[in-house]
Amino acid sequence: MADDSRVEGCAVLAKSLKDQGVEYVFGIVGIPVIEVAMACQKEGIKFIAMRNEQAASYAASAIGYMTGKPAGCLVVSGPGLVHALAGMSNAMENCWPMIVIGGSSERDQDKMGAFQEYPQVECSRLYTKFTCQPSRIERIPYYVEKAYRSSIYGRPGPVYIDIPGSFVMTTVPEKDVRYVPRCPPPPKVCAATADIKRAIDLLSSAKSPLVIVGKGAAYSRCENELRTLVENCKLPFLPTPMGKGTLPDEHPLCVAPARSKALKDADVILLLGARLNWILHFGAPPRFRPDVKIIQVDICSEEIGNNVQPAVGLVGDLTSVLAQMNEELGGRPTKFVFDPAAPWWKDLNEKLEKNRISVQKQSQDKTVPLNYYAAFDEVNKLIPKDAIVISEGANTMDISRSCIPNALPRHRLDAGTFGTMGVGVGFAIAAAVYCRDYAPDKRVICIQGDSAFGFSGFEVETVCRYRLPIVFVIINNNGITRSFNEEVFNSLEETDRLISHPPTVLSPNARYDKVLAAFGGNGYFVEKPEDIQKALRESLANKKQASMLNIMINTMADRRVQEFSWLGSIQPSKM
């Protein structure tokens, strides 16, 4: 008896995503992808309906970073995809896997000015590792597997699959669809043995060594191998912003508070999953010694030698390469341990103590309105050590790095390589959704400046709709970097605000807490240290609803004075 069963294109797409292991899809439905979202849910894929494609794409990319498994981002045609380009470009620069699925106009209306017609495949090529439009419905599983594989193999990144509207509800004989088995995990890649030996020789000869831990190290899940290397050799290490927690920030070998000193005077640097881009001042003086020797480890061979020619380049995944280094060290007749009494450690410890005292002094100044350090000091007293911390803003993000330590890998998310503002709420939603399924007792703390919150602030409706118990901490200084207090702001009332108000100034004492409360969350408007403590305790005790602490600080508060003038050459809002 002939098999006459037929299957819709949206069902083929959903099953293909499920077969490859996609667990979550974030997005906004509309013509022509409503049925795609429903088909995903029918397959058991969790669909998180957002309020803006930009935030949806940020959320999908964050899941990819935290788990190594890409989530989907479903968008409508034309402007829907354009909005998602923000998250795609951010994922591309951060090297995070993500699968964007965009509906597109009907094929038989191509070049006729169809509804939301746009060159989506061509447009996406700038922001992805792989783009495609399946040639026919029966071939969708092939394209999905290739997209998934492209997203996680080698240097991770986003991919794009374009689905013409005519594919969504059209049916084809089910027997003609050939589903593709799940692609295996990325293959392990080891460096050349001779290069490993050269790297260990160089590291062992260093007078002032330094290990830089990038977010690539966090992504690769190399924390055990890294701990073995660092602790056995007693090497000072410095995490980049999202490398924080790969080894705990409060580890005795962590020199993050002496970051400038460590970078400026290190003679040999082991660079692990970090790039010598603007975040590390391109590896150039005065940030680095002119004669510094770099041992560069990266999964991407094209990255080796970018901006600075390394003394040794090691191409491979960090887990494998670090295991090779540990094996080489263990097999040598003389054990290499960097002398804890060496002048380098003396210099670093002096700088660590000086900066610790400086931060402590500002943290203990509880004058109201508070400064950044004092506000973060109160928050840090109660944040669980295993919390996932999202932070963005100008000084808010920059200062929180030194005041809010991380103890676990992949537990800090911020503006990243692209310096993208507006990622905070999307990242927090992704983290909370994942924690709900895999770590229900873990808390998500989203720390944002008032300006940063405004980029995607209305996504708090999404937060409350799905009952995600995120704790938002808004550091409110009435603007971008420095601003006006309410008295000064109101003194300009009689003049033309379009001319008299600096573009960095926002509404004074804005009640962002009431925005969350409007959707059923708990909002707190706080100014005093004791009020911060009370509000945060109540927020952490509530595991069923989102909460927001809207903390008013001094509008003229700033970072502590930097030792080197060139440290201010890049604005904190981009760091």
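Structure's up top.
Because the structure is a prediction, the values reported are computed rather than measured.

Rules and cut-offs
Residues numbered from 1 in each chain as written. Predicted model: local features only at pLDDT ≥ 70, side-chain atom pairs only at ≥ 80, totals over all residues. Heavy atoms only, no water. Helix = DSSP H or I, 4+ residues; strand = E, 2+ residues; numbered from the N terminus. Rg over C-alpha atoms; globule rule 2.2 N^0.38 Å. Buried < 20%, exposed > 50% of the residue type's maximum accessible area, 1.4 Å probe, protein only. Contact = heavy atoms within 4.5 Å. Pairing = 2+ DSSP bridges. 1 Å grid on protein atoms, 1.4 Å probe; cavity = no way out; pocket = protein on both sides within 12 Å on 5 of 7 lines; lining within 4 Å. Points joined across faces, edges and corners; volume = space filled by probe spheres on them. Nonpolar A, V, L, I, M, F, W, Y, C, P; charged D, E, K, R; others polar. Axes fitted to C-alpha atoms, helices over the stretch in contact; angles between N-to-C directions. Parallel < 35°, antiparallel > 145°, perpendicular 65-115°, else oblique. Left-handed = near helix turned anticlockwise from the far one by under 90°. Expected span 1.5 Å × (residues − 1). Right-handed = clockwise from strand over helix to strand, strands pointing away. Phe/Tyr/Trp six-rings, centres within 6.5 Å; stacked < 30°, edge-to-face > 60°. Lys NZ or Arg CZ within 6 Å of the ring centre and 35° of its normal. Core = buried A, V, L, I, M, F, W, Y, C linked by side-chain atoms within 4.5 Å.

1. Brief notes about the overall build of the protein
Scanning the protein from terminus to terminus reveals 22 helices and 19 strands. Scaling as 2.2 N^0.38, a compact globule of 575 residues should have a C-alpha radius of gyration of about 25 Å, and the protein matches this with 25 Å. Dimensions along the principal axes, computed over C-alpha positions, put the protein at roughly 85 × 75 × 45 Å. Classification of the 575 residues of the protein by burial places 58% in the buried group. Considering only residue pairs separated by 6 or more positions, the protein has 77% of its internal contacts joining residues 24 or more positions apart.

2. Observations concerning the pairing of strand S12 (residues 293-298)
Buried residues dominate S12, accounting for five of its six residues. Alignment of strand S11 (residues 268-272) against S12, held across five bridges, turns out to be parallel. In the sheet register, Leu 270 faces S12, and the bridge partner there is Ile 295. Bridging between S12 and strand S13 (residues 312-315) involves four bridges; their strand directions are parallel. Across the sheet, residue Asp 298 finds its bridge partner in S13, namely Val 315.

3. Side note on the layout of surface pockets
There is about 970 Å³ of room inside the second largest pocket. Of all elements in the fold, only helix H6 (140-152), helix H9 (215-220) and S12 reach the threshold of two or more residues within the lining of the second largest pocket. Residues belonging to the lining of the second largest pocket are distributed by class as follows: 22 nonpolar, 15 polar and eleven charged.

4. Focus: the packing of helix H1 (residues 9-19) against helix H2 (residues 34-42)
At a minimum axis distance of 8 Å, the contact between H1 and H2 shows a crossing angle of 45 degrees. As far as their axial angle goes, H2 and H1 are oblique. The two elements H1 and H2 cross, and the hand of that crossing is right-handed. Across the interface between the two elements, Cys 10, Ala 11, Leu 13, Ala 14 and Leu 17 of H1 pack against Glu 35, Val 36, Ala 39 and Cys 40 of H2. Split into classes, the residues belonging to the contact of H1 with H2 amount to eight nonpolar, no polar and one charged.

5. A look at helix H12 (residues 318-330)
For H12, built from 13 residues, the straight-helix expectation of 18 Å at 1.5 Å per residue is met to within 8% by its first-to-last C-alpha distance of 18 Å. Counting buried residues in H12 gives ten out of 13 residues, a clear majority hidden from the surface. Turning to H12, its buried residues are Leu 318, Thr 319, Ser 320, Val 321, Leu 322, Gln 324, Met 325, Asn 326, Glu 328 and Leu 329. Those residues of H12 that are buried are in contact with helix H8 (193-204), H9, helix H10 (223-233), S11, S12 and S13.

6. Examining empty space enclosed by the protein
A complete count under the given rule lists two cavities of 30 Å³ or more for this structure. In this structure, the largest cavity occupies an estimated 90 Å³ of space. Counted as a void, the second largest cavity has a volume near 60 Å³. Around the second largest cavity, the lining residues are Gly 21, Val 22, Glu 23, Tyr 24, Ile 63, Thr 67, Lys 69, Pro 70, Ala 71 and Tyr 434. Looking at side-chain class alone, the lining of the second largest cavity contains six nonpolar, two polar and two charged residues.

7. Re the pairing of strand S5 (residues 98-104)
Each regular strand carries side chains that alternate between the two faces of the sheet. Most of S5 is tucked away, with seven of its seven residues classed as buried. Burial of S5 is two-sided: the residues Met 98, Val 100, Gly 102 and Ser 104 facing one way and the residues Ile 99, Ile 101 and Gly 103 facing the other way are all buried. Pairing of strand S4 (residues 72-75) with S5, which is carried by four bridges, proceeds in the parallel orientation. When the sheet's bridge partners are listed, Val 75 is paired in S5 with Gly 102. Note that the unit made of S4, helix H4 (residues 79-94) and S5 has a crossover that is right-handed. Where S5 meets strand S7 (residues 158-164), seven bridges bridge the pair, whose relative direction is parallel. The partner of Gly 103 across the bridge, within S7, is Ile 163.

8. Regarding the packing of aromatic side chains
Overall, the coordinates contain seven aromatic pairs when judged by the stated rule. Taking the centre distance of 5.7 Å and the plane angle of 75 degrees together, the rings of Phe 453 and Tyr 512 count as edge-to-face. With Phe 453 in helix H17 (residues 450-455) and Tyr 512 in helix H21 (residues 512-518), this residue pair connects regions lying 59 residues apart in the sequence. A single burial state applies to Phe 453 and to Tyr 512, both of which are buried. Chaining the aromatic ring pairs together yields one cluster made of Tyr 58, Tyr 65, Trp 96 and Phe 427. A cation over a ring is seen here: Lys 15 above Tyr 179, with NZ or CZ 4.3 Å from the ring centre.

9. Focus on the side chain of Glu 461
Secondary-structure assignment places Glu 461 in helix H18 (residues 460-465). Not counting the four nearest positions on each side in its chain, Glu 461 is found in contact with Arg 51 and Phe 519.

10. Some points on the nonpolar core
Phe 26, Met 50, Ile 390, Leu 413, Ile 429, Val 444 and Ile 470 are the most contacted members of the largest nonpolar core, which totals 59 residues. With near-sequence residues (within four places) excluded, Leu 413 lies in contact with Ala 62, Tyr 65, Met 66, Trp 96, Met 242, Val 389, Ile 390, Ser 391 and Phe 427. With 56 residues, the next largest nonpolar core counts Leu 226, Leu 280, Val 292 and Trp 344 among its residues.

11. Observations regarding unusual backbone geometry
Residue Pro 286 is bonded to the preceding Pro 285 through a cis peptide linkage, with omega at 5 degrees. Relative to the assigned elements, Pro 286 resides in the loop between S11 and S12. Note the cis peptide between Val 368 and Pro 369, where omega equals 5 degrees. Structurally, Pro 369 can be placed in the loop between helix H13 (343-363) and helix H14 (372-380). In the Ramachandran plot, Asn 478 falls in the positive-phi region, its phi being about 70 degrees despite a non-glycine side chain. By the element assignment, Asn 478 lies in the loop between strand S17 (471-476) and helix H19 (486-491). The buried category is assigned to Asn 478, whose relative accessible area is 1%. The residue Asn 509 is not glycine, and still its phi comes out positive at about 55 degrees. If you trace the backbone, Asn 509 turns up in the loop between helix H20 (497-500) and H21. Taking relative accessible area as the criterion, Asn 509 reaches 26% and is therefore assigned partly exposed.

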